[in-house]
Amino acid sequence: MKLTHFNEQGRARMVDVSDKEVTRRTATAASMVKMAPGTLKAIKEGSIGKGDVLAVAQVAGIMAAKKTADWIPMCHPLPLTGIDISFSDNNEDELYIEATVRTTGKTGVEMEALTAVSASALTVYDMCKALQKDMIIGPTLLVSKSGGKNGDYSREEG
């Protein structure tokens, strides 16, 4: 497979998508924050002193997805048509974050989905670090993507 982010001199470049077809693009990414049971309980009870952790993390993820091209040098700025971030947990010590990002365009939204869950996870850490500094973020991964010339992708379990 040829990598397209390099020019003929071997230097980085933003890929020219001018000739690509406009298609509906969707990507879903996931991340996890592992924490002490007491930290997860405090998040769920809303007793973290900085406020509603999940509400702030959700807004942070949405904002981050919209600004992905400002953070990742070779990403194209995209007009996103939808961003949905959801949270679940194992009722013990793991908080799961999932983001689905949509657009209609010439390039995919995998990076926007990955950025959304990363910013959400970092926000959870920031809001809870006074309670616990040894939380672990990750793994962070692409769950699925659809649209574009390379077709659909769905992560296999395991």
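The structure presented is a predicted model; accordingly, all values stated were derived computationally and were not measured.

Undergrad: How should the side chain of T115 be read in this particular structure?
TA: Along the chain, T115 turns up in helix α4 (residues 110-128). Assessed through its relative accessible area of 14%, T115 is described here as buried. With residues up to four places along the chain from it excluded, the contact list for T115 reads A64, T68 and I72.

Undergrad: Sorry if this is basic, but what is going on with the pattern of salt bridges here?
TA: Opposite charge on two side chains allows them to pair when their charged atoms are near. Summed over all chains, the structure comprises seven salt bridges. Salt-bridge contacts for E45 lead to K41; the nearest nitrogen and oxygen are separated by 3.6 Å. Of the two residues, E45 and K41 both sit in helix α1 (residues 37-45), four residues apart, roughly one turn of that helix. As a salt-bridge pair, D126 and K129 come within 2.3 Å of each other at their nearest N and O atoms. Owing to a relative accessible area of 35%, D126 belongs among the partly exposed residues under this scheme.

Undergrad: What's the story with the nonpolar core in this structure? I'm lost.
TA: Soluble, globular proteins show a tendency: their nonpolar side chains are buried together. Judged by nonpolar contacts, the single largest core of 27 residues is most densely connected at V33, M35, I43, V53, V124 and C128. When residues of this core are assigned to their parent elements, the largest contribution, eight residues, is made by α4. The contacts of V33, once residues within four sequence positions are left out, are D93, E94, L95, I97, A121, V124, M135, I136 and I137.

Undergrad: So what exactly am I meant to see when it comes to the pairing of strand β1 (residues 23-34) here?
TA: Two faces belong to every sheet, and in a regular strand the side chains alternate between them. Of all the twelve residues making up β1, ten are buried; the element is thus mostly covered by neighbouring parts of the structure. Where β1 meets strand β3 (residues 94-105), twelve bridges bridge the pair, whose relative direction is antiparallel. Bridge pairing in β3 links T23 to G105. Sheet topology note: the β1/strand β5 (residues 141-146) ladder contains five bridges and is antiparallel. In the strand pairing of β5, T28 is matched with S144. Sheet analysis places β1 next to strand β4 (residues 136-137), joined by two bridges and oriented antiparallel. Across the sheet, the residue bridging to V33 is I137, located in β4.

Analysis parameters
Residues numbered from 1 in each chain as written. Predicted model: local features only at pLDDT ≥ 70, side-chain atom pairs only at ≥ 80, totals over all residues. Heavy atoms only, no water. Helix = DSSP H or I, 4+ residues; strand = E, 2+ residues; numbered from the N terminus. Buried < 20%, exposed > 50% of the residue type's maximum accessible area, 1.4 Å probe, protein only. Contact = heavy atoms within 4.5 Å. Salt bridge = Lys/Arg side-chain N within 4 Å of Asp/Glu carboxyl O. Core = buried A, V, L, I, M, F, W, Y, C linked by side-chain atoms within 4.5 Å. Pairing = 2+ DSSP bridges.

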